[in-house]
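# Remarks on the overall topology
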Amino acid sequence: MSTTLHKIGWKTAAAIVVSNMIGTGIFTTLGFQLSDITNTYSIFLLWIIGGILALFGAFCYAELGSHFKGNGGDFIYLKETYHPLFGYLISWISLIIGFSSPVALAALAMSKYLSVFNYTFGNGFAIVAIFLVAITLSFSLKTSSRFHNFFTFIKIAFIIVLVIVGVGLSESPEIGNSLNFSDSWKNEIMLPAFATSLVFVTYSYTGWNSASYIAGEIKDVQKNLPKSLIIGTVFVTVSYLLVNYIMLKHAPVSQLAGKEDVMGEAAVNMLGLTFGKVVNIFIALQLIATISGYLWVGSRLTQAFAKTTYLWKPLSVVNKKGIPVRAIFAHAVIATIIILTGSFKEIFVYTAFILQLFASLAISTVFFLKKENRRIFKSNAFYIFPTVFLLFSFYILYFTFIHNPKESLIGLGIIAVGIILYLIDRRLSNGYS
């Protein structure tokens, strides 16, 4: 049965964008940033820049998604614009890192936040959570939509309630806060640490392009794809600024710096131990939507990629409802391996580095779209979006490589493996690509 029998609207597509973006990053990265950047203006500027880059990237992907038909996203853009090698590499990266790592990180973050109950929810819990979500997504597109929308509703409702409560409550004078509105931001934004902090921010915004990967499953794609990307990105940007303000308002730097479960720390200060634990539960629940979103979108990209290869062709198989079940579980298995072999921060950095690199390559393909082939932005002012995105991206990648060489080299090593696999695949398939 073809998936075209049931297509999703802009609301579900926007829900996928929101659920892919709001997840692990916003609830973990502030602790890493506060190790070097402590001025509140600096922190806000990081997230504003990240939001602008995500929005500019979303504009580019809306144009690309309207021009290139079907599922696949970056895979189609790079393969059709540059060379099949680039399509192969982005698909390899998406399979191994791009979608599997965020699933692993979200599951690990769930375990971390639930540990507030004085019980160690370890790797086993994270792995079981991933496979339960994978099973749920395996039945039909309709079931997947309902499941995903339900947990995305929890995510959005939780964010809204958290913002209202966090902004409304006064900080505790005994505990203190991290708010610092001095002029030190002028010096901080010139530090290399500001650039490296952007790698955490850009990872937190990862997902702004997610709806473009399933363009083939969206009704009236030319209208609904841009709508879902833009609405989702703007909502997330505003949410990120407010959530960061809440964490800074309700916990001192000494309590947050270097921590992963920063929202949990602030929630206990804000609401007391009992209600703070409730917040931890909701953070864990909303991460289910993050896992769901990445497994859903990642499996579609992998399935589109697998159709054109020899080594990965078994992952292109779909069930009677048109669901790429093998691809879904491939991502679940790889996420499990990542959980068992890496530390949270190390996974975070090399994932962010690789994703930024390939997002830049994908964005660059819009320069090859002729003006008459653009369907949304007809003015040449459109080129401001990819130009700004790429300039900031090079800035982020350079400082990330300089200050995190080990993680950056891990990322480049994964790319090298992909090149080798591409050559093997071509030889085995006699040029079938």
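As a starting point, this report considers the structure included with it. (Residues numbered from 1 in each chain as written. Predicted model: local features only at pLDDT ≥ 70, side-chain atom pairs only at ≥ 80, totals over all residues. Heavy atoms only, no water.)

## Considerations on the overall build of the protein
Of the regular secondary structure elements, the protein holds 17 helices and zero strands. Taken against the 2.2 N^0.38 rule, which gives 22 Å for 433 residues, the C-alpha radius of gyration of the protein at 21 Å falls within 12% of a compact globule. For the protein, the C-alpha atoms occupy an extent of roughly 70 × 45 × 40 Å along the three principal directions. Per-residue burial for the protein yields a buried fraction of 58% across its 433 residues. In the structure as shown, the protein presents an accessible area of about 16500 Å², 67% of it carried by carbon and sulfur atoms. Each charge sign in the protein was given a centre, from 30 positive and 17 negative side chains, and these centres are 15 Å apart. (Helix = DSSP H or I, 4+ residues; strand = E, 2+ residues; numbered from the N terminus. Rg over C-alpha atoms; globule rule 2.2 N^0.38 Å. Buried < 20%, exposed > 50% of the residue type's maximum accessible area, 1.4 Å probe, protein only. Areas by Shrake-Rupley, 256 points an atom, 1.4 Å probe, with all protein chains shown as cover. Lys, Arg positive; Asp, Glu negative; His and termini not counted. Charge placed at Lys NZ, Arg CZ, Asp CG, Glu CD.)

## Considering the packing of aromatic side chains
In total, this model carries 29 aromatic pairs according to the counting rule given. Relative to Phe-305, the ring of Tyr-88 has its centre 5.1 Å away and its plane inclined at 85 degrees; by these criteria the two rings are edge-to-face. With Tyr-88 in helix α5 (residues 84-98) and Phe-305 in helix α13 (residues 262-306), this pair connects stretches of sequence that are 217 residues apart. For Phe-305, a relative accessible area of 1% translates into the label buried. Following the ring pairs from residue to residue traces out a cluster consisting of Phe-56, Phe-59, Phe-367, Phe-382, Tyr-383 and Phe-385. (Phe/Tyr/Trp six-rings, centres within 6.5 Å; stacked < 30°, edge-to-face > 60°.)

## A word on the pattern of salt bridges
All told, the structure shown has two salt bridges when counted by the stated rule. For Glu-265, the salt bridge is made with Lys-259, and the minimal N-O distance between the two is 3.6 Å. A salt bridge links Lys-406 to Glu-346, with the shortest nitrogen-to-oxygen separation between them at 3.0 Å. Taken as a pair, Lys-406 in helix α17 (residues 405-428) and Glu-346 in helix α15 (residues 344-364) lie far apart in primary sequence, 60 residues in all. On the basis of relative accessibility, which here comes to 18%, the residue Glu-346 falls in the buried class. (Salt bridge = Lys/Arg side-chain N within 4 Å of Asp/Glu carboxyl O.)

## Topic: the packing of α5 against α17
Contact pair α5 / α17: the axes reach a minimum separation of 9 Å and the direction vectors enclose 125 degrees. Overall, the two elements α5 and α17 adopt an arrangement that is oblique. Relative to α17, α5 is oriented so that their crossing is right-handed. Every residue of α17 that contacts α5 at Pro-84, Leu-85, Tyr-88, Leu-89, Trp-92, Ile-93, Ile-96 and Ile-97 is listed here: Ile-414, Ile-415, Val-417, Gly-418, Ile-419, Leu-421, Tyr-422 and Asp-425. Residue classes in the contact of α5 with α17 are distributed as 14 nonpolar, one polar and one charged. (Axes fitted to C-alpha atoms, helices over the stretch in contact; angles between N-to-C directions. Parallel < 35°, antiparallel > 145°, perpendicular 65-115°, else oblique. Left-handed = near helix turned anticlockwise from the far one by under 90°. Contact = heavy atoms within 4.5 Å. Nonpolar A, V, L, I, M, F, W, Y, C, P; charged D, E, K, R; others polar.)

## Topic: α5
Most of α5 is tucked away: 12 of the 15 residues are buried. On its buried face, α5 is in contact with α4 (74-81), α6 (100-114), α13, α14 (325-341), α15 and α17.

## Here's the deal with the layout of surface pockets
Of the voids in this model, the second largest pocket is the one considered here, and its volume is about 220 Å³. If you go around the second largest pocket, the residues you meet are Ile-154, Ala-157, Phe-158, Val-161, Leu-162, Val-165, Met-270, Leu-271, Phe-275, Val-278, Val-279 and Phe-282. Where the lining of the second largest pocket is concerned, the elements lending two or more residues are α8 (141-168) and α13. (1 Å grid on protein atoms, 1.4 Å probe; cavity = no way out; pocket = protein on both sides within 12 Å on 5 of 7 lines; lining within 4 Å. Points joined across faces, edges and corners; volume = space filled by probe spheres on them.)

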